[in-house]
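Coordinates in review
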Amino acid sequence: RGYIQSWNVVMERDLGRGFKGEAGYVATRQIRQLGYRELNWSPVGGGNNGRQLYKAYGRTASTMLVTPIGNTHYDSLQTRLQRRFAGWYMVDASYTWSKSITTSGTDNSDGSMPIPIPEYYGLNRGISGLDRTHNIQFTNVAELPFGKGQRWLSDRGLLSALAGGWQLSNVISLISGAPFTVTSSGTSLNAPGSSQRADQVKPTVDILGAIGPGTPYFDPSAFAAVNTARFGTAGLNRMRGPGMRTWDLSVSRRFPVTERVNIQLRMDATNFTNTPRFDNPRTDASGTGLGEITSAWGEREIRLGLRIAF
């Protein structure tokens with residue numbers, strides 16, 4: 001049976017003026033986790049006739065077994081700066097620096113091992129697909145200190161009426177890009193059930209940062225297709241795509257009608273700056289457009305609302 005181990009050591013400190021800071025080491029180990037193991041695998045160059053169940057049963061179809069297939073290791077430094085709402089604002093900022101490693105290579109949605117050939121199990125070890133090296137989250141809420149009952153402009157004059165009742169809130173996210181593997185056609189590998197990766201022909205891969213057709217995100221000449229019966233030298237999830245930056249903004253204003261009734265107008269903007277979130281680049285070294293990013297998501301969305309409280 002598989003099992004999970006987790007532990008953390010966290011230190012907290014009161015920083016004064018309502019601020020509290022904390023930093024900690026957080027780790028998880030998943031041992032012998034369940035997945036799909038291909039029983040009817042074929043050795044390199046074996047083709048369909050080399051599948052394990054072909055000689056005995058003439059079976060060439062995929063045959064999966066649900067069984068423990070590998071481990072994951074997660075280690076992280078997690079920090080946080082927090083100020084609870086007091087006076088007129090609150091702040092919550094966090095930063096996580098982490099690394100997640102898998103020994104089964106199960107980044108694909110069906111949970112199967114990319115390379116099920118026992119002698120090559122070691123090639124399934126690499127960065128987990130969910131790994132994000134850096135993750136910064138910042139949240140704040142501010143009720144502007146102007147107007148009736150506030151610190152400034154509380155004289156109930158015209159400026160007090162115009163400046164009072166405003167509230168702003170922000171959610172800002174900065175996250176590292178997702179890992180990916182540069183692949184190659186499996187035709188020459190001729191090992192049904194196994195995925196192929198490209199050859200890395202340069203010791204380092206330059207990140208060019210370009211977006212769009214004809215302008216690769218990384219140097220495509222650093223990789224080459226594999227045309228012989230062997231696995232390529234590019235490691236699992238050695239590359240990483242563009243990071244993500246988003247800013248969600250909310251602005252509201254409260255209009256008191258009576259002591260018990262007030263009206264609130266609100267604007268909520270998701271992805272306020274309309275910053276695109278680019279997908280990972282093309283990864284097939286045997287095809288065209290290697291390294292090009294041609295798709296994105298994350299449009300801006302603005303919602304307006306009216307609320308009556310009584």
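You'll find the structure just up there.
For clarity, every value in this text was computed on a predicted model and none was experimentally measured.

1. Some words on the layout of surface pockets
- Taken as a whole, the second largest pocket encloses approximately 270 Å³ of empty space.
- Going through the elements one at a time, β2 (19-38), β3 (64-86) and β4 (89-102) are the ones with two or more residues in the lining of the second largest pocket.
- Across the lining of the second largest pocket, the residue classes break down as 4 nonpolar, 13 polar and 1 charged.

2. Topic: the pairing of strand β6 (residues 134-143)
- Bridge analysis of β4 against β6 gives 9 bridges, and the strand direction is antiparallel. When the bridges of β6 are listed, Tyr89 appears paired with Ala142.
- Sheet topology note: the β6/strand β7 (residues 166-175) ladder contains 9 bridges and is antiparallel. Directly across from Ile136, in β7, lies its bridge partner Leu174.

3. Re unusual backbone geometry
- With a phi angle near 55 degrees, Asn237 is a residue other than glycine that sits in the positive phi range.
- By the secondary structure assignment, Asn237 is in the loop between β10 (223-224) and β11 (239-240).
- Judged by relative accessible area, which is 7%, Asn237 ranks as buried.
- With phi around 55 degrees, Asn271 is a residue other than glycine that occupies positive phi space.
- Positionally, Asn271 belongs in the loop between β13 (262-270) and β14 (277-278).

What counts and how
Residues numbered from 1 in each chain as written. Predicted model: local features only at pLDDT ≥ 70, side-chain atom pairs only at ≥ 80, totals over all residues. Heavy atoms only, no water. 1 Å grid on protein atoms, 1.4 Å probe; cavity = no way out; pocket = protein on both sides within 12 Å on 5 of 7 lines; lining within 4 Å. Points joined across faces, edges and corners; volume = space filled by probe spheres on them. Helix = DSSP H or I, 4+ residues; strand = E, 2+ residues; numbered from the N terminus. Nonpolar A, V, L, I, M, F, W, Y, C, P; charged D, E, K, R; others polar. Pairing = 2+ DSSP bridges. Buried < 20%, exposed > 50% of the residue type's maximum accessible area, 1.4 Å probe, protein only.

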